[in-house]
Structures are given as C-alpha cells and as structure tokens.
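Here is how the chains run, residue by residue.
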Amino acid sequence: MSKRTVIVSGGILEEDFALPILKSEDTEFIIGVDRGLVFLYEHGIKPDYIVGDFDSTPGEIVTYYREETKVPIREFNPVKDASDTEIALRLCIGLNRHEIWILGGTGKRVDHLWANVQCLKIALDAGADARIIDSHNQIRLLDHGITLKKEEAFGPYFSVFPLEIPVDDFNIRGAKYPLKNHILKPYDSLCVSNEYKEDTVEIEFSFGIVILMETKD
C-alpha cells in the first residue's frame, strides 16, 4: 500500500498543524499548488511536483524552483477550465496515488472550498481516499457506509450531507442523534453537528454519495 500524498494548496496553512503532516514518515509524496508553494519554500520543504498557473505566487519563488531544483513543474494558463487543486488531484490519480490529503483547501474563499469539496468526487471515482484537512475540519466523500471509532475520531462532531441527489434509507447508529430509514435531502440541515454517544458510530446507506465532515471547535 502506498503512503500518503499531500497536496499543498493556497488556502489556510497553519504551521503547527501542517508541518507535522508534511514532515511525517507517513507522507511520501508532496505536490505544491500555486500559492501553497510559498509555504513550502518558506519552510524549506522540497515538493515532488509543482502545479499551477502561479498567478498568486511570487515570481522569484517560481524562478527558484525552475532554475535551482529539478522538481517537475506543470504550469498552466490562468485562463483554464479547472482549478489548480483539481489539476493536482488529477495528477495524483494519474500517478496512482491512493491516499491523498489536501492542505490549504479551506480558507476565506467559500467558492474555492466548495470547488475543492466537489473535486473529491474525482478521487472517489478512481478508488482513492482523498480528504481536505485543516486544524478544525476533515472533509471526505463516501459512496458506502462507514464505522467511525470515537477513539480515532478527528473531532467530537460530525455532519453529513448528500453531494448530488437525496440519499434514501440513510441510517445513523451509536450517535447522540440517531436516524433510521431517513431520506437525506440536499436542502435540510438535520444532519449537522451530530456527536458520539457510543464508542462507535455506524453510518449506512444503500445508494448515493454523501459528504462527511468531522469537526472540532
């Protein structure tokens, strides 16, 4: 099984959270994406690939990587049909990476965040486990049920939303707010901010795709 690949995008990157992940032995492959490259440069971390249109990256940093290193760079015209993070995610799939964490995928721009969440479907379709992570949130997509363990939880709260269409026969067991045979709809907030009641929580559904957000205050 391959180790973790980390995409470093240009959103919020907190040193205390991001650096241990980037320097962990479990992280095997790093992709610097546009302004995320600044964070890597400032902390002396050499990525394995660089992608982006570099419209928000200082020219001297791009020049450094282009002239002083042998890191492969895929540069794109700012007028393009995909976000830089989507391009990086597709690169991961092409390189047969199966465990993908996206740092810097959240931030002030909610439109960018939502685009990144939707891009997770690319990885899901390819059979990869991709997730967006910051110090307070972990976001991933599921096309099947899952058992969450309280002792391994990212945070004490979890929320679930349908990605595309209503999800029939949706069930939650072991939580403070259980559900049975529920129709999970795109326009209700019933499944926001649930909590563990038992040591494990089981989320089950027979069809569809859901967004699972595990969160901390």
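Check the entry above for the structure.
Residues numbered from 1 in each chain as written. Predicted model: local features only at pLDDT ≥ 70, side-chain atom pairs only at ≥ 80, totals over all residues. Heavy atoms only, no water.

What about the pattern of salt bridges?
- Applying the stated criterion across every chain yields a total of ten salt bridges.
- Across the salt bridge formed by Glu202 and Arg173, the nearest N and O atoms sit 2.7 Å from each other. You can see Glu202 sitting in strand β13 (residues 200–204) and its partner Arg173 sitting in strand β10 (residues 167–173), a full 29 residues away along the chain.
- What you see here is one network of salt bridges that share partners, running through Arg173, Glu202 and Glu204. (Salt bridge = Lys/Arg side-chain N within 4 Å of Asp/Glu carboxyl O. Helix = DSSP H or I, 4+ residues; strand = E, 2+ residues; numbered from the N terminus.)

Here we look at helix α5 (residues 110–125)
- Here α5 spans 24 Å end to end across 16 residues, near enough to the 22 Å set by a 1.5 Å rise per residue.
- Among the residues of α5, Asn116, Val117, Cys119, Leu120, Lys121, Ile122, Ala123 and Leu124 are the ones counted as buried.
- At its buried positions, α5 is contacted by α4 (84–94), β5 (99–103), β6 (129–133), β7 (137–142) and β14 (210–215).
- Directly after α5, the chain includes Gly127, whose backbone phi takes a positive value near 80°. (Expected span 1.5 Å × (residues − 1). Buried < 20%, exposed > 50% of the residue type's maximum accessible area, 1.4 Å probe, protein only. Contact = heavy atoms within 4.5 Å.)

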